[in-house]
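# An overview of the molecular structure
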Amino acid sequence: MATETGPAGKPPSATSLWREARNAAARARLEKSLPAVFPVPVLRHALSRPLVPPTPRLAVESYWRHHILRADRLARALAAASGQPEGWTWRLGTWRPDIRRPDIRRPEAAAGEDVSEKGLAFSFRMPPAPFREVSYTLGKGHCCICGQPVYRFGWHRDLWGQGTPNRNAAWHAACVAAWKLWTAPSDHVKELKRRQGHRCAQSGKRLLRTAEVDHRVPLYRIWREERARPWPELLGYWGLPNLQVVNRAIHADKCAAEAGERASVRRKAGRAEEDDFCPSSPDIVQAPDPLSRMEER
């Protein structure tokens, strides 16, 4: 019996043998559990991975995880299809160290917790998500990020003709991948570099290894100046339209200029408060700016 050999006639390593055995078992399990209808690009992607996903659900998650920019576009399109809930406005939660972060999955409220603030982010650096708020959540079967129905395997379309969403799901696999891009864009710097042709978005020079992800329009300006925009349009400021990769020196200069601009705004706001102060009415206190409160943290 001929002995299998690896590159250059060497015997295969233990790792290679383990991967072959593992992928054979995973592929058999995947093919056994595949429904009659399944997205062809997802299946093609799954079978080409170094480690084949063993279930259709994991295959879908792997597909969107490796197509993060496509997931971003899809999630924003789904949000546009849902539209902004009636009566919703973008607001931030109040940070209290004695109360843990609100969670819409817990129906009961902790002692002293404001139920109306459950699901609210504490920072404008988190994208607004009305369907994560307890007042606007649509419940199981609908994505808490975009508001659209969720079908089998976390897919965004009813390819199987079931007519009803999956009541055990609360998010699309694509929306989860997009949310990770919106909240931690630096984790996807390789994909963004590739999209820019490895050229700095500001100088046009070749991107260095230390290049960093930046928001073209800083998020603090979105909170201050664009808060009244429709919610689906706001998501673009966290997504691909507002993301760029720049070399570290350029990013540092841009951050310094933005810090100076923010300090100038705070100084002007302080002078305005002094001008509006009325000694005869000491009980009247102007409400603090949420942005200033967060910057102090």
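Since the model is a prediction, treat every value here as computed from it, not as a measurement.

A grouping of Arg-70, Arg-73, Arg-195 and Arg-216 is seen on the molecular surface, where their side chains present a positively charged patch. When you line up the elements, Arg-216 lands in the loop between strand E1 (212–215) and helix H7 (219–225).

Along the chain, Asn-23 turns up in helix H1 (residues 14–33). Residues within four places of Asn-23 in sequence aside, it is in contact with Pro-50, Leu-51 and Val-52.

Further remarks concern the pattern of salt bridges. Across all of its chains, the model carries 9 salt bridges by this definition. With its nearest N and O atoms 3.3 Å apart, the salt bridge here joins Arg-57 to Glu-61. Remark: Glu-61 and Arg-57 occur in helix H3 (residues 56–65); sequence separation between them is 4 residues, near one turn of the helix. In this structure Arg-57 comes out as partly exposed when scored by relative accessible area, which is 26%.

A separate point is H3. All buried positions along H3 are accounted for by Pro-56, Ala-59, Val-60, Ser-62, Tyr-63 and Trp-64. Its buried side turned inward, H3 meets H1, helix H2 (40–48), helix H4 (68–82) and helix H5 (173–183).

Below, the discussion takes up the nonpolar core. Counting 60 residues, the largest nonpolar core has Val-60, Trp-64, Trp-90, Trp-182 and Trp-238 as the members making the most contacts within it. When near neighbours in sequence (up to four residues on either side) are disregarded, Trp-238 contacts Trp-90, Phe-124, Arg-125, Met-126, Pro-127, Pro-128, Trp-182, Leu-219, Ile-222 and Leu-243.

Bringing the pairing of strand E2 (residues 243–246) into the picture now. A regular strand carries its side chains on alternate faces of the sheet. Residues of E2 alternate between two faces, with Leu-243 and Val-245 on one and Gln-244 and Val-246 on the opposite face, all of them buried. Inspection of the sheet shows E1 paired to E2 by 4 bridges, in the antiparallel sense. Counterpart to Asp-214 in the pairing with E2 is Gln-244.

Definitions and limits used
- Residues numbered from 1 in each chain as written.
- Predicted model: local features only at pLDDT ≥ 70, side-chain atom pairs only at ≥ 80, totals over all residues.
- Heavy atoms only, no water.
- Patch = residues over 30% accessible without salt bridge, like charges linked within 9 Å, V, L, I, M, F, W, Y side chains within 5 Å.
- Areas by Shrake-Rupley, 256 points an atom, 1.4 Å probe, with all protein chains shown as cover.
- Salt bridge = Lys/Arg side-chain N within 4 Å of Asp/Glu carboxyl O.
- Lys, Arg positive; Asp, Glu negative; His and termini not counted.
- Charge placed at Lys NZ, Arg CZ, Asp CG, Glu CD.
- Helix = DSSP H or I, 4+ residues; strand = E, 2+ residues; numbered from the N terminus.
- Contact = heavy atoms within 4.5 Å.
- Buried < 20%, exposed > 50% of the residue type's maximum accessible area, 1.4 Å probe, protein only.
- Core = buried A, V, L, I, M, F, W, Y, C linked by side-chain atoms within 4.5 Å.
- Pairing = 2+ DSSP bridges.

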